[in-house]
Amino acid sequence: MNPRYWLFLALPLICLQISAQQVDMKKLENFKPRSIGPAAMSGRVTAIAVVNSDPDKIYVGSASGGVWKSVSGGIFWEPVFDKEPVQSIGCISIYQKNPDIIWVGTGEGNPRNSVSSGNGVYRSLDAGKTWNFMGLELTRNIHRIIVDPDNPDIVFVGAIGFPWSPSEDRGVFKTTDGGKTWKKILYINPTTGVGDMVMDPFNPNKIFVSMWDHQRWPWFFRSGGPGSGLYLTIDGGENWKKITSEDGLPKGELGRIGIAIARGRTNVVYALVESKNNAIYRSDDGGYKWTKVSERNPVERPFYFAEIYVDPQNENRVYNLQTAVSVSEDGARTFRTLIPGYPRGDIHVDNHAWYVHPENPDYLIDGNDGGLAISRDRGKPG
């Protein structure tokens, strides 16, 4: 008979003997229990906000681990959102003239199959010690919050909405009374939410918004559709202009669009556009006319990566966040790798959040699926 058959019959008896053995607990009384798994961390970093006047004060939001705060430049951290009912964070915004005022939008804005949702927006008036719920509960997933730099009562919220089903609770919302009331100022259809939203740093009435038509099912994901498009307002959201192929964007249906304004020269605007041929477009007249500048560094998974940033003092230095982080020094025409992707380097792959200090562009912070990375020399190799 096959010896493996005998082993199969004997296994239950062996296990029974093992389970019957008694453990002398006195031998374990000096041991302290520790977790050995399954291991889980707070989730990918989705949002970074820094007090510009005191850049050692950093707030970080994660996809499923709440908000964390450091006052030591990233050396020590403490959770500051654990008492709230949700822990999925989509965005954080600080009112820089009084950095005790902080807004948080819940619900991650990168709707992969493991996306977690939130329940609206929160505000702190004491630098994260306590939080107040400020509404928009049904938006579920919020990707951007912008606080007017001169008036903390004026706040814009960009909601992608619940990725799994159509809903009217998506688009751009605005409050002028500190969150007591909200007005929906840009809405397209029940499957189109906000893919990105940026404000001119010196003109709070000028805002670009990319509207993104998308939906996720358990077995499929659609990124792009007739509702997608790039919009511009110059009066704080009272009126909107849609940027189209007549203005230089690609023809046909669009998907997710990442946007960046050059702080040092605000007429320069970049758009990372998901289309039939993903590409980066540039405007030199403040966003009215656009030119395609590169197809060599397109976004690889637009629904998950659509983040583009500009050096605040050099309008030709552009950062593109994907599995890796790449940087251009010639206005997004060519790129080199700044943070490697696969094979993995010292910094984790999949990058979703970025910060450049407005007055010291050597100070960079990268948020990725493995945590946070900080550079104070613009990422020069060590």
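Residues numbered from 1 in each chain as written. Predicted model: local features only at pLDDT ≥ 70, side-chain atom pairs only at ≥ 80, totals over all residues. Heavy atoms only, no water.

Colleague: Before we go on, may I ask you to explain the sheet that holds strand β28 (residues 371-375) in this structure?
Modeller: Two modes of strand pairing occur in sheets, parallel and antiparallel, and in both the strands are linked by backbone hydrogen bonds. Strand order in the open sheet made by the three strands is β26-β27-β28, with antiparallel pairing throughout. Edge positions in the open sheet fall to β26 (351-356) and β28, since each of these has one partner strand only. Put simply, the sheet's adjacent strands are angled 15° from each other on average, direction ignored. Pairing geometry for β26 and strand β27 (residues 364-368), over five bridges, is antiparallel. Within β27, the position partnered with W354 by the bridge is D366. (Pairing = 2+ DSSP bridges. Helix = DSSP H or I, 4+ residues; strand = E, 2+ residues; numbered from the N terminus. Axes fitted to C-alpha atoms, helices over the stretch in contact; angles between N-to-C directions.)

Colleague: It is not clear to me how unusual backbone geometry should be interpreted in this structure. Could you clarify?
Modeller: Working note: non-glycine residues mostly have negative phi, and peptide bonds are mostly trans. Its identity is not glycine, yet R140 carries a phi of approximately 70°, on the positive side. With respect to the helices, strands and loops of the structure, R140 is situated in the loop between β8 (132-133) and β9 (142-147).

Colleague: Teacher, can you tell me more about the sheet that holds strand β19 (residues 269-273) here?
Modeller: Reading across the sheet, the four strands line up as β18-β19-β20-β21 and stay open at both edges, with antiparallel pairing between neighbours. Two strands close off the open sheet at either side, each with one partner strand: β18 (257-261) and β21 (291-294). The sheet shows a mean angle of 30° between the axes of neighbouring strands, taken without regard to direction. Two strands pair when backbone bridges link them, and β18 and β19 are joined in this way by five bridges, in the antiparallel orientation. From the neighbouring strand, I259 faces β19, where its bridge partner is A271.

Colleague: In this structure, what is going on with the nonpolar core? I would like to understand it.
Modeller: Note that soluble globular proteins tend to have their nonpolar side chains buried in a common cluster. Core analysis: the biggest nonpolar cluster contains 16 residues, and F208, L230, L249, I257, I259, V273 and W290 have the highest contact counts within it. Of all the secondary structure elements, the ones that give two or more residues to this core are β16 (229-233), β18, β19 and β20 (279-283). Counting residues in each nonpolar core, the second largest holds 15 residues, with A49, Y59, F81 and Y122 among its members. (Core = buried A, V, L, I, M, F, W, Y, C linked by side-chain atoms within 4.5 Å. Buried < 20%, exposed > 50% of the residue type's maximum accessible area, 1.4 Å probe, protein only.)

Colleague: What am I meant to see in the pairing of strand β3 (residues 67-70) here?
Modeller: Side-chain direction in a regular strand flips from residue to residue, so the side chains alternate between the two faces of the sheet. Sheet analysis places strand β2 (residues 58-62) next to β3, joined by four bridges and oriented antiparallel. By the bridge assignment for β3, G61 is matched with V67. Counting the residues between successive antiparallel strands, the hairpin from β2 to β3 contains four residues, one of them, G66, with a positive phi of roughly 80°. Judged from the two bridges that link them, β3 and strand β4 (residues 78-79) form a sheet pairing that is antiparallel.

Colleague: Just to check I follow, could you spell out the pattern of salt bridges for this structure?
Modeller: Side-chain pairs of opposite charge can arise where the charged atoms are in close proximity. Tallied over the full model, the rule gives 17 salt bridges. Between D196 and R144 there is a salt bridge; the shortest N-O distance is 2.8 Å. With D196 in strand β13 (residues 192-200) and R144 in strand β9, this pair connects stretches of sequence that are 52 residues apart. Judged by relative accessible area, D196 falls into the buried class, the value being 1%. Of the charged contacts, one joins R301 and D350 as a salt bridge, the two residues approaching to 3.8 Å between their closest N and O atoms. Taken together, the residues span a long stretch of sequence, with R301 in the loop between β21 and β22 (307-311) and D350 in the loop between β25 (336-339) and β26 at a distance of 49 residues. Judged by its relative accessible area of 31%, R301 is partly exposed. Linked through salt bridges whose partners overlap, the residues forming this network are D311, R317, E329 and R336. (Salt bridge = Lys/Arg side-chain N within 4 Å of Asp/Glu carboxyl O.)

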